[in-house]
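Close look at the chain arrangement
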Amino acid sequence: QEPHRSATNFPQAPLTSATMSHPRLRSVTLLLPLMAVLGAAFEPLSWEEAYRRAEETLARMDVPLLFVTGLCERQSFANNLLYQNLGTTKGGAPYFSVGGYYLYFDPHCDGNASTPARWVLSESDPDVDADHDLDGDGLCSLDMHVKSTNFTMPPMGTQEWQMHCAEGEAVSSTNVTLHMVPQGEKLSLLKGHSFYKSKIWYTQRDYWYVGNTDAIPRLDLPSFNMQDAAAGFRPTSPGMSGKATVWPSMLCMAATWDPEAVRSYSEALGREFRGKGANSILGPSINVHRVARNGRNFEYLSGEDPYLGAKLVKGYVQGMQSEGVFAVVKHWVFNQQETNRNTESSIVDDKTAWELYYPPFQAAVDAGVAAVMCSYNKVGSEYSCGNSKQFKVLKESMGFKGFVQSDWWATHNTSIAAGLDQEMPGIGSGENHGAFFDANELEAEEQETIDQAATRVLAVIHKMNLSASTAACAPPHCKDFFLKDVSSLAHVRLARTLAAQSVVMLKNKDVLPLSSASTKSIAIIGPAANAKSYDPKGSGQAYGDGAAGGDYYSGGGSGHMTGNVTSAFAGLSSRAQELGIDVVFSLTDNKTAAAEAAARADVAVVVLGATSGA
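Summary of the structure given here.

Further remarks concern the packing of helix α4 (residues 259–275) against helix α12 (residues 489–502). It is at 11 Å that the axes of α4 and α12 come closest, and there the two elements cross at 150°. Here α4 is positioned roughly antiparallel relative to α12, judged by the angle of their axes. Classified by chirality, the crossing of α12 by α4 is left-handed. Contacts between α4 and α12 involve A261, S264, Y265, A268, R271 and E272 on the former and, on the latter, H491, L494, L498 and Q501. When its residues are assigned to classes, the contact of α4 with α12 shows five nonpolar, three polar and two charged.

As structure tokens, then:
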């Protein structure tokens, strides 16, 4: 049956086993790990040349940026950000912007000469060629604002601003602080932003990437558009499901034992990410399994074997980066379980670390990987994202030249001096919903420390030849890319081929292959055979259990993918109909009904499944 062009035709499950048994005890058992126009390859620059260019760029980063803090929780997305000066309005006032927010001077916001002038902070792009009423609505909106007659600069220091802070349309006064940060351009490289404080917790803004940094057009530096995950472009906004291929999981690819297959996989996936406007993929995950029930095992390319992981990661990293999308290997380091992941401590001696757990990371470094993500757990008594010993192993012993970013909310202090180069997502880790890498925190750090971190980020930008002038988009102007269908029949067929290549046949007693000559009827048994795909952004499904636990087609958490999957029941029934084989079924957990269905068929196909997630 020809698959839908936007998804694989194979169900995906973290670990699914299917047992086919004939009433006369012929049986076969299969172990199925999680399944689900070519251009010229890009050649990244050498690290030596990338660093030379990075140091030249760093020397030009001398323009101060405006730091805004103190906005109330309802306006948190615009808070603790560094605003760039984009030029001047018709009236000669400077105007500033970051992340889709604009700070500008409006002499008369409703066009009435008697209306006091004000500085406005708004999501609306101002008409800088207008004399007044720069938002063009003929009204004085209740956006964040402060009255001022000084058009040369917004009021610096702490001032009372008016804004919406509570529910409804009421406006209240809030003390907002503005100050210029001399090395703001450098600091803007070191912290992300794409989340805001919501009622539930922190929410990713629709049609923003999971990780973003600000573009700096003055220096032709693009935004980082970083998206989950290693097995497909994760749908994080409405309307995205089914518009990217649901690729086999990393554990599935490990089961192919084929570095060339992994390379072809990552090249195709890289083209889809590039088509979505992303310039970075938050993967692959390469930790060697230790805890069998680890919720993220389905994401880990190494399986239980450091040698296998080291062989496979090279093809993944180089294939992905040959498409102009830089890889972020994770999770550094000893991230072996999801249970108590924020508090558990991994104790590993050096010999064991180098023999079992470091080899896949060393292979990624040798392959030229651009970035590494540190993990939630502790290593000894120190959190991974603040562990100077482990960062020294990575950067000095292994020779890693790229930058290290935190997993989302994995930062517990301002650990830039320890070796962390970039904090994600840039909100909610520090006091009052700020971040440890906010400008006011980083300004207290040594200049050499700031420059080293910024240089590592810049080196990746230059190594991958990323630029603002050639970037596909920068949030908030990326919605069309998120809604673009980047899959293809070629990618679907490749995904099916790779998924089939990963299947391990454990036993076959004269059952397979099935044919109409030997088999007149089959029974399809088990609820996993006809399970639904979970879409976290689907109607009524937001914040449901599936977000963490996944479904039988794709693991949960940041690696979860959704698409137009074909269930085992639908696929087997269709093929049986083509061959003239009758189908009976029991799609519940009822053992009596299952036995009755099996008794009526020549062969019983029992579909079992388990969910897994982070």
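Quick look at unusual backbone geometry now. Put simply, P475 and P476 share a cis peptide bond, and its omega is 10°. As for its position among the elements, P476 is in the loop between α10 (447–463) and α11 (479–482). Cis geometry is found at the peptide bond from L512 to P513, where omega equals -5°. Structurally, the position occupied by P513 is in the loop between β22 (504–508) and β23 (521–525). Although it is not a glycine, D220 sits at a positive phi angle of roughly 60°. For D220, the position within the fold is in the loop between β13 (211–212) and β14 (225–227). You can call D220 partly exposed: its relative accessible area is 30%.

This next bit is on the sheet that holds strand β15 (residues 280–281). Judged by pairing direction, the sheet is mixed, and its six strands sit side by side in the order β13-β14-β15-β16-β18-β21 without closing on themselves. Taken across any chain shown, the strands that pair with only one partner, and hence form the sheet edges, are β13 and β21 (403–406). Direction of pairing for β13 relative to β14: antiparallel, over a ladder of two bridges. Paired with G211 across the two strands is M226, which belongs to β14. Strands in contact with helix α5 (residues 306–321) are β15 and β16 (326–332); relative to β16, the strand with the most contacts, it is inclined by about 145°.

What counts, and where the lines are drawn
- Residues numbered from 1 in each chain as written.
- Predicted model: local features only at pLDDT ≥ 70, side-chain atom pairs only at ≥ 80, totals over all residues.
- Heavy atoms only, no water.
- Axes fitted to C-alpha atoms, helices over the stretch in contact; angles between N-to-C directions.
- Helix = DSSP H or I, 4+ residues; strand = E, 2+ residues; numbered from the N terminus.
- Parallel < 35°, antiparallel > 145°, perpendicular 65-115°, else oblique.
- Left-handed = near helix turned anticlockwise from the far one by under 90°.
- Contact = heavy atoms within 4.5 Å.
- Nonpolar A, V, L, I, M, F, W, Y, C, P; charged D, E, K, R; others polar.
- Buried < 20%, exposed > 50% of the residue type's maximum accessible area, 1.4 Å probe, protein only.
- Pairing = 2+ DSSP bridges.

Everything listed is a geometric property; what it means functionally is a separate question.
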